[in-house]
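# Tertiary structure, described
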Amino acid sequence: VRIAWKRGVFDVERFLSGIERFGYRFGPSRKTADARGDTLLLRLGLATAMTMNVMLFSASFYLGLAPADGAVFTAFSWASLVLSTGVVAVGGWPFFQAAWAGLRRGVLHLDLPIAAGIVLAYGTSLVAFRSGTANHSYFDTLDTFVTLMLVGRRLQ
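None of these values were measured; they are calculated from a predicted model.

### Quick look at the pattern of salt bridges
Summed over all chains, the structure comprises one salt bridge. Between D111 and R153 there is a salt bridge, and its shortest N-O distance comes to 2.4 Å. With a gap of 42 residues between them, D111 in helix α5 (residues 111-130) and R153 in helix α6 (residues 139-155) connect regions that are remote in the sequence. Owing to a relative accessible area of 1%, D111 belongs among the buried residues under this scheme.

### Topic: a nonpolar patch on the surface
Residues W5, V9, F10 and F15 make up a contiguous nonpolar surface patch of roughly 400 Å² in combined accessible area. Given the relative accessible area of 37%, F15 is considered partly exposed.

### Thoughts on the environment of V12
The topology assignment puts V12 in helix α1 (residues 12-20). Spatially, the C-alpha atom of V12 lies 25 Å from that of L112, the residues being 100 residues apart in sequence.

### A few points about the packing of aromatic side chains
Geometrically, a pair of aromatic rings is defined through the distance of the ring centres and the angle of the planes. For the structure on display, the rule yields five aromatic pairs. Where F10 meets F15, the ring centres are 5.4 Å apart and the plane angle is 50 degrees; that geometry is what we call tilted. Residue F10 is classed as partly exposed on the basis of its relative accessible area, which comes to 34%. Note on Y122 and F139: the rings are 6.2 Å apart at their centroids and 55 degrees apart in plane angle, and the pair reads as tilted. Of this pair, Y122 sits in helix α5 while F139 sits in helix α6; the two residues are 17 residues apart in sequence, bridging distant segments of the chain. Here Y122 and F139 have matching classes, each one buried.

The rules we used
- Residues numbered from 1 in each chain as written.
- Predicted model: local features only at pLDDT ≥ 70, side-chain atom pairs only at ≥ 80, totals over all residues.
- Heavy atoms only, no water.
- Salt bridge = Lys/Arg side-chain N within 4 Å of Asp/Glu carboxyl O.
- Helix = DSSP H or I, 4+ residues; strand = E, 2+ residues; numbered from the N terminus.
- Buried < 20%, exposed > 50% of the residue type's maximum accessible area, 1.4 Å probe, protein only.
- Patch = residues over 30% accessible without salt bridge, like charges linked within 9 Å, V, L, I, M, F, W, Y side chains within 5 Å.
- Areas by Shrake-Rupley, 256 points an atom, 1.4 Å probe, with all protein chains shown as cover.
- Phe/Tyr/Trp six-rings, centres within 6.5 Å; stacked < 30°, edge-to-face > 60°.

Here is the structure:
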């Protein structure tokens, strides 16, 4: 970011600290580790592990596992739900937090549609799960989306 301003008219420090409250960092690369970055890396690791497991369960649905298959279908459906809930809670938190901070300040930014998409996809999948058609849920897609958004946030 390149900013030009007139001294005494525009308070750059206040402007940048306001932006940093959304989770964005300004300035040169830091030599010391940032606690926020470490937390993000942990969230990314956990979300990736859970996402990979949900993808394995989802493969069975794509290959024909259906409610008629009984206990295996039920077990895989429940495992997908539990792991996806973990992905949403652990991996979605940075986006929920930033979206809420933006709404409190009256600023709409990219984290709001990301957070809304996570909530809507999770809700839709939860409805499919409750109706007994978990093979029509979007848990795998949702988890992959959250994980990739965390990768992007980490690279940022």
